[in-house]
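One-letter residues, chain by chain:
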Amino acid sequence: MNEQTYLTTDELSSRIKYDVRTIRERLKDSVLMEGVHYVRPFGGRKILFVWETIERDMKVASTLLPVGMNAIPMANGAVLHG
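Scoring rules and cut-offs
Residues numbered from 1 in each chain as written. Predicted model: local features only at pLDDT ≥ 70, side-chain atom pairs only at ≥ 80, totals over all residues. Heavy atoms only, no water. Salt bridge = Lys/Arg side-chain N within 4 Å of Asp/Glu carboxyl O. Helix = DSSP H or I, 4+ residues; strand = E, 2+ residues; numbered from the N terminus. Buried < 20%, exposed > 50% of the residue type's maximum accessible area, 1.4 Å probe, protein only. Core = buried A, V, L, I, M, F, W, Y, C linked by side-chain atoms within 4.5 Å. Arc of directions from axis to C-beta. Contact = heavy atoms within 4.5 Å. Polar contact = N/O pair within 3.5 Å; in protein donor to acceptor, adjacent residues only side chain to side chain.

Per an unreviewed UniProt entry, the chain goes by Transcription-repair coupling factor and derives from Acidovorax facilis.

As structure tokens, this is what we get:
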């Protein structure tokens, strides 16, 4: 069975060094996708981020790009180059 680490927005913020507001307003639903990178337990409003998936996608995106290029990791594991 795969263990997953669920993080609050504050906990994720401290791990990836992004402001909580940036995560909520710019990353959630554009880079971090519901059902892939985060869940809403029991259909509620609270959001829990899946650390292992986020960490994997950050590493994939950073290894595929030359220095200075921008990309958006996609929910299916691909990367959109911008």
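Visitor: Which residues make up the pattern of salt bridges, and what are the values?
Guide: Counted under the stated rule, the structure contains five salt bridges. Here Arg 21 ties to Glu 25 by a salt bridge, and the two come within 3.3 Å at their closest N and O atoms. With Arg 21 and Glu 25 both in helix H2 (residues 20-27) and four residues apart, this pair spans about one turn of that helix. Given a relative accessible area of 55%, Arg 21 falls into the exposed group. Taking relative accessible area as the criterion, Glu 25 reaches 56% and is therefore assigned exposed.

Visitor: Describe the nonpolar core, and please don't skip the residues or the numbers.
Guide: In terms of nonpolar packing, the biggest core is built from twelve residues, these being Leu 7, Leu 12, Ile 16, Ile 23, Leu 27, Val 31, Leu 32, Tyr 38, Ile 47, Phe 49, Trp 51 and Ile 54. When residues of this core are traced back to their parent elements, those giving at least two are helix H1 (9-16), H2 and helix H3 (51-64).

Visitor: If you had to explain H2 to someone new, which residues and values would you point to?
Guide: The complete set of buried residues in H2 reads Val 20, Ile 23 and Leu 27. For H2, the angular spread of buried residues about the axis comes to 105 degrees, placing them on one side. Relative to its buried face, H2 has exposed residues pointing more than 90 degrees away, namely Arg 21, Glu 25 and Arg 26. Tucked into the core, H2 has its buried residues touching H1 and strand S3 (48-50). Between the side-chain oxygen at the start of H2 and the backbone nitrogen of Arg 21 there is a gap of 2.9 Å, and the oxygen is on Asp 19. Directly beyond the C-terminal end of H2, a positive phi value near 75 degrees is found at Asp 29.

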